[in-house]
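The primary structure of each chain is shown beneath.
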Amino acid sequence: MTSYIKFTAISGSHSEAALCYLLEVDEVKILLDCGWYDNFNLEDLKHLKRVAKQIDVVLLSHPDLAHLGAFPYAYSKLGLTCPVYATLPSQNMGRMCMLDAVLSKKDATDFDLFTLEDVDTAFDRVTILRYSQPTGLSGKAKGILITAYAAGHTIGGTIWKIKKDTDEIVYAVDYNHKKERHLDGTVLHANGLVLESLLRPSVLITDAYNSRAVHAARKYREAALFESIMSTLRSGGNVLIPVDSSARVLEIAYVLDQFWSTQRVTYPLLFFTHKSYRTIQFAKSMLEWMSDSITKQFETARENPFDLKNIRLCHKHSDLAKHNGPKIILASCISMETGFSRDLLVDWGTDPKNTVILTSRGPPNTLARKLYEEWEVIANAAPGAVIPPVHFDLQLQLNISKKVPLEGAELLEHTAAERTRLEREAAQAALIARSKTIIEEDESDESESDVDDVDMEQLLHDQFDLYLKDATKSGGFFKQTQSYRMFPYIERKKRFDDYGEVIQPEKFMKDFDIDQLMNQSMPVDENAENEMDIDKEEQIAEPSIPTKYISEEETIHMTSKVVYIDLEGLSDGRSIKTILPQVNPRKLILIHGTEEATEDLMNSCLQIDEMTKEIFAPKVGEMVNVSSATNIYQVKLTDSLVSSLNFSKLDDYELAHITGKIHYPDDSSTPTLDILPIEEQQGWHPPLFVGDVRLTELKRVLQNEGIVAEFKGDGVLVCDDHVAIRKVIKRVIFIQLSTHSYFNFTSISFRHPLGKLL
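All values reported here derive from a predicted model rather than from experimental measurement. (Residues numbered from 1 in each chain as written. Predicted model: local features only at pLDDT ≥ 70, side-chain atom pairs only at ≥ 80, totals over all residues. Heavy atoms only, no water.)

Q: Would you mind showing me how to read the pairing of strand S1 (residues 5–11) here?
A: Put simply, side chains in a regular strand alternate between the two faces of the sheet. Taken across its seven residues, S1 has six buried, putting it largely inside the fold. Here six bridges tie S1 to strand S2 (residues 20–25), and the two strands are oriented antiparallel to one another. Counterpart to Lys 6 in the pairing with S2 is Glu 24. Direction of pairing for S1 relative to strand S25 (residues 623–625): antiparallel, over a ladder of three bridges. Each bridged residue has a counterpart across the sheet, and for Lys 6 the counterpart in S25 is Asn 625. (Buried < 20%, exposed > 50% of the residue type's maximum accessible area, 1.4 Å probe, protein only. Helix = DSSP H or I, 4+ residues; strand = E, 2+ residues; numbered from the N terminus. Pairing = 2+ DSSP bridges.)

Structural data, given as structure tokens:
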């Protein structure tokens, strides 16, 4: 039996902050998600900093900032070195999400919390799992089984099942039971039924984010999206859709690409992120993680559905200049605090012909959330209603941060400092090269080795003797005066291999521009843009220009139109309140939702008779104990007691009845259980039935033994009209043997189809 299960909210409880939670199963600490929004406020990680080094396992559920934004920082700066598990799309798309977030921050500020290399290093350590693939953990976490199931919200999005002995914990956040264009619904509730392996868990951890949300039918939302876009483009305006860089953007891009194809729309449709090329390439390679309809389309037409022929991929502002006239742009970041979406809002927000389409409410305390709240006030729409865009007349106080080239005295100062730095580095390199020449070869061929393998910094600290000619001595007839070459000249020895003297080709090469020769010999394809591979955005960049960061407060008079169309891909409140009773967990933990949403979902669950009444909604930093048993003691058994036990086999366990006495030794803080003296033992004890009895199964067993057994009255099994058996819930004493002769002495019942008499 599991000793204890504890849950602590590190972030994202009674609020819509990023998700990060600590689950303790016995002595194993499991981190459920590691989220952080793109403001990257270190204050948000104060609770994570205290436990990061103690974490044994990390489980990542979705490839977006809300679920893994702090993962690279925790891995590189907070000492998080444990195994990390995720699906392949969560790893690939999560990497793209974090790279785009870092590059977006670097466009506006001198961001140095973590680097692009830190992102790659962290995601390279992720262990890949497939859906429905039970995986046993090792080391300290041995005995725990984890399984990933499809969540339906994002590609590779995961519902985690964590199993230890008879306890099952299900972590299900941000799931969607409805089928979308590129994703099937979650397996948590497929075809109106809950997956059997996720049914009746010991603990269900789920979010209340959408508890009060009401969704219109998908066809009405998509129709409103198309109408808002086309009306703006036909009137000569531009359309901005803030999106994430790698997750929900796939659904929106696929929907728009299909609409462009079927309606033969000719307006430019652009996907504008720092890693747009890689994101689409990854999407093309992961069709097996998408819906059955996507897979069938690929098998039937033999064309990749994510070729997205109508979408142009951009990764810098100069790419936009190639597309004139009205256009629609899917731009990162979704919060509009940084990235291309913020830049375009500043440029386009003052034109009443333009439209901003919000597909999510955005993270709290961000520009996107502010626009959503303003739209909600102006539109005054009923819950679930889909309305046309509304005109804004809003004064926005924005902190505009950007990178600009140096000019005048600043440029001269920077150039002088750069020249000094280069001279210093050149002098140091010359010193190292000179020392390398001196010690390049040894006096004997046998001890000769490549200088490239020698640590030059170490050699610079070594001492060498200098041999000079002795002017006081002269040679005789048979002894000539020895002359020494002056320091630092050293005579180089010729190298030989099996074929003679080694030739160094670089000594015979002429100095010319190889790149220029290659460019002259290989003409550039004018259509290369449409056939560009995954590494285009990493080609040689333009010559670097000295820059600096400036920040200033600006007032933007926003007069463009704004509309909110929910395309977050999450189950709404009515669906959530229907699914949870069907899952029917023994204990329920509610997280990630506002105070109002959390209270609403809790009250709805408490009003359902079939639902558990053990519902918890811990605040950030609060720990709740959701163990099957709350009174747990660890005792040590003496050797004499262990040898006297008579075990009975029950499934994968062995049980025995113990009559003993607990005492505390003087040299240990662990209590010891010992045998009672014979005079204190009762000699006989009533039989104990351990297990969860199923009377229907018991009836079958009795009938096989020739006993007439039938149900009479309200759940009473009558045997031969003499014995009546009624099921009564009762707690028994259960002690589990461990490999270290330690027992858990607890008051819990053991579930088994037929149970066992001891």
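Back to the write-up after that little detour.
Q: In this structure, what is going on with the nonpolar core? I would like to understand it.
A: The nonpolar side chains of soluble globular proteins are, as a tendency, buried together. Leu 48, Phe 71, Phe 114, Ile 229, Ile 241, Leu 256 and Leu 371 are the most contacted members of the largest nonpolar core, which totals 112 residues. Top contributing element to this core by residue count: helix H7 (residues 249–263), with nine residues. Setting aside anything within four residues of it in sequence, one finds Leu 371 in contact with Met 336, Leu 345, Leu 358, Phe 392, Leu 394, Leu 396 and Met 558. Counting 33 residues, the second largest nonpolar core, distinct from the first, contains Ala 18, Val 25, Ala 66 and Ile 144. (Core = buried A, V, L, I, M, F, W, Y, C linked by side-chain atoms within 4.5 Å. Contact = heavy atoms within 4.5 Å.)

Q: Looking at this structure, how should I read the sheet that holds strand S17 (residues 390–391)?
A: Two orientations exist for strands paired in a sheet by backbone hydrogen bonds: parallel and antiparallel. Pairing within the open sheet is mixed, and its seven strands lie in the order S14-S13-S15-S12-S16-S22-S17. Only two strands of the sheet have a single partner each, and these edge strands are strand S14 (311–314) and S17. Of the pairings in the sheet, the one linking strand S12 (residues 239–242) to strand S15 (residues 328–331) comprises four bridges and is parallel in character. Paired with Val 239 across the bridge in S15 is Ile 328.

Q: For this particular structure, what's the right way to read the environment of Asn 210?
A: Tracing the sequence through the fold places Asn 210 in the loop between strand S11 (203–207) and helix H6 (218–234). Residue classification places Asn 210 among the buried residues on the basis of a relative accessible area of 2%. Measuring from C-alpha to C-alpha, the distance between Asn 210 and Ala 597 comes to 7.3 Å, with 387 residues separating the pair along the chain. Beyond its immediate stretch of four places on either side in the chain, Asn 210 contacts His 215, Arg 361, Leu 570, Ser 571, Asp 572, Gly 573 and Ile 576. Within the local environment of Asn 210, its side chain forms a polar contact with the side chain of Arg 361, the two groups lying 2.4 Å apart. A polar contact is formed between the side chain of Asn 210 and the backbone oxygen of Ser 571, at a distance of 3.2 Å. (Polar contact = N/O pair within 3.5 Å; in protein donor to acceptor, adjacent residues only side chain to side chain.)

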